[in-house]
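Architecture and fold: a report
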Amino acid sequence: SQQGEEDPQALSIQEGENATMNCSYKTSINNLQWYRQNSGRGLVHLILIRSNEREKHSGRLRVTLDTSKKSSSLLITASRAADTASYFCATPDGDAGGTSYGKLTFGQGTILTVHP
Amino acid sequence: EAGVAQSPRYKIIEKRQSVAFWCNPISGHATLYWYQQILGQGPKLLIQFQNNGVVDDSQLPKDRFSAERLKGVDSTLKIQPAKLEDSAVYLCASSPSGQGTYEQYFGPGTRLTVT
């Protein structure tokens, strides 16, 4: 099965700085998802990027996908204290997710701390 | 739109006891997932239902864990007997469709402590 591995394991920054997290995976995929988890709102879907996309934006989030390197990055710009959370990448199992009925494998996560 | 509901939110039991968790997915979502998340790790899929049928239970410890989704809506996950290593957060998620991959909507989870 696939597994995303996030890097770094932990990241500590000041408010207003940018935060970059990376994810590497092992086999071909047709999409990759990023989720955020904090104590207040639980695990929440942030963004999905498909294999034919190289970059995707959502508000202050920018996700890139490099299928040749089997890696993705999540950039949070102008971070806020409220961005403090764990961030996970998730990849679909099965034949690039086509018939997997949505099974996802999550990485270990990056713990982001944003200091006010 | 109401989110995924789970209960209880917290549960403390002794080893060898049994416990059950309940999940109500978002209305109309065909696919339901149960995950186990051990502290410091990402969620691990235990079982996946498509309507009321099991799609994947390859990582479910079937000697002690069981799950059902009657009528393709609510689901329960049971552990009997519990072991210390079952201490974790149990997350339920649902998604709107079948084949392919879509975003999953997670409930708040049940934090289980086995003493």
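You'll find the structure just up there.
Here, residues in each chain are numbered from 1, in the same order as that chain's written sequence. Both sets of labels track the order of writing: A upward for chains, 1 upward for ligands. For a predicted model such as this one, the threshold for reporting local features is a pLDDT of at least 70, and the threshold for listing and counting side-chain atom pairs is 80 or more; totals across whole chains, interfaces and linings nevertheless cover every residue. Based on all heavy atoms of the structure, the side-chain values leave hydrogens and waters out of the count.

Turning to the overall build of chain B, a few remarks are in order. Starting at the N terminus, helices and strands are each numbered in turn, a helix being any DSSP run of H or I of at least four residues and a strand any DSSP run of E of at least two. Within chain B, the regular secondary structure consists of zero helices and eleven strands. Reading the helices (α) and strands (β) of chain B from amino to carboxyl end gives β-β-β-β-β-β-β-β-β-β-β. In this setup the radius of gyration rests on C-alpha atoms only. A globule is expected at 2.2 Å times the number of residues raised to 0.38. By the compact-globule yardstick of 13 Å for 115 residues, chain B fits well, its C-alpha radius of gyration being 13 Å. The principal-axis extent of the C-alpha atoms belonging to chain B is close to 40 × 25 × 25 Å. For every residue, the accessible area obtained with a 1.4 Å probe (protein chains only) is divided by the maximum for its type, and the residue is called buried under 20%, exposed over 50%, and partly exposed between those limits. Here chain B holds 115 residues, and 47% of them are scored as buried. Taking the contacts inside chain B whose residues are at least 6 apart along the sequence as the reference set, 53% of them involve residues at least 24 apart. Only the protein chains shown count as covering a residue, and every accessible area follows the Shrake-Rupley method with a 1.4 Å probe. Summing over all exposed atoms, chain B offers an accessible surface of approximately 5,600 Å²; the carbon and sulfur share of this is 48%. Counted charges follow a simple rule, with Lys and Arg positive, Asp and Glu negative, and His plus the chain ends left uncounted. To locate a charge, take atom NZ for lysine, CZ for arginine, CG for aspartate or CD for glutamate. In chain B, which carries 12 positive and 10 negative side-chain charges, the distance between the mean positions of the two groups comes to 6 Å. Two residues form a contact once any of their heavy atoms are found within 4.5 Å.

Before going further, it helps to spend a moment on the packing of aromatic side chains. Aromatic ring pairs: the centre-centre distance and the angle between the two ring planes describe each pair. Ring geometry is summarised as follows: Phe, Tyr and Trp rings, the Trp one being its six-membered ring, pair when their centres sit within 6.5 Å, and such pairs are stacked at plane angles under 30 degrees, edge-to-face over 60 and tilted between the two. Counted by the stated rule, this structure contains nine aromatic pairs over all chains. In this structure an aromatic cluster arises from ring pairing among A:Tyr35, A:Phe88, A:Phe106, B:Tyr33, B:Tyr35 and B:Phe106.

A word on the sheet that holds strand β3 (residues 19–24) of chain A. All names here are of chain A. Note on pairing: DSSP must find at least two bridges between two strands before they are called paired. Pairing in this open sheet of five strands is antiparallel, and the strands run β1-β3-β8-β7-β6 from one edge to the other. Two strands bound the open sheet, and with one partner strand each, they are β1 (5–7) and β6 (55–58). The mean angle between the axes of side-by-side strands here comes to 20°, regardless of whether they run parallel or antiparallel. Two strands pair when backbone bridges link them, and β3 and strand β8 (residues 71–76) are joined in this way by six bridges, in the antiparallel orientation. Residue pairing in the sheet places Asn22 in a bridge with Ser73 of β8. Here an axis means a line fitted to C-alpha atoms, over the contact stretch when the element is a helix, while the angle between two N-to-C directions is reported on a 0 to 180 degree scale.

Moving on, we get to the layout of surface pockets. Residues are called lining when one of their atoms sits within 4 Å of a cavity or pocket point, these points coming from a 1 Å grid over the protein atoms alone, where a cavity is a set in which a 1.4 Å probe fits but cannot get out and a pocket is an open set with protein on both sides within 12 Å along at least five of seven lines. Grid points are joined across faces, edges and corners, and a volume is the space filled by probe spheres set on the points. Size it by volume and the largest pocket reaches roughly 720 Å³. For the largest pocket, the lining is made up of 30 residues, of which A:Gln37, B:Gln37, B:Leu39, B:Val89 and B:Arg111 are closest to its centre. Of all the secondary structure elements, the ones that give two or more residues to the lining of the largest pocket are β4 (31–38), β9 (85–92) and β11 (110–115) of chain A together with β9 (88–95) and β11 (110–114) of chain B. The element contributing the most residues to the lining of the largest pocket is β11(B), with four residues. Here the lining of the largest pocket is composed, by residue class, of ten nonpolar, 17 polar and three charged. For this classification, Asp, Glu, Lys and Arg are treated as charged, while Ala, Val, Leu, Ile, Met, Phe, Trp, Tyr, Cys and Pro are nonpolar and the rest, including Gly, are polar.

Before going further, it helps to spend a moment on the state of the cysteines. We call a pair of cysteine sulfur atoms a disulfide when they lie within 2.5 Å. Under the definition given, this model contains two disulfides over all chains. For A:Cys23, the disulfide goes to A:Cys89, at an S-S distance of 2.0 Å. Because the torsion about its S-S bond is 70°, the bridge between A:Cys23 and A:Cys89 counts as right-handed. Highlighted residues: A:Cys23 in strand β3 and A:Cys89 in strand β9, separated in sequence by 66 residues. Here A:Cys23 and A:Cys89 have matching classes, each one buried. Shown here is the disulfide that connects B:Cys23 with B:Cys92, its sulfur atoms set 1.9 Å apart.

This brings us to the pattern of salt bridges. Residue and element names in this part refer to chain B. Within this document, salt bridges are pairs made up of a side-chain nitrogen of Lys or Arg and a carboxyl oxygen of Asp or Glu, the two lying within 4 Å of each other. Tallied over the entire structure, the rule returns five salt bridges over all chains. A salt bridge links Arg64 to Asp86, with the nearest nitrogen and oxygen atoms 2.5 Å apart. Of the two residues, Arg64 is situated in the loop between β6 (53–56) and β7 (65–68) and Asp86 in the loop between β8 (75–79) and β9; the sequence distance between them amounts to 22 residues. Each member of the pair, Arg64 as well as Asp86, is classed as buried.

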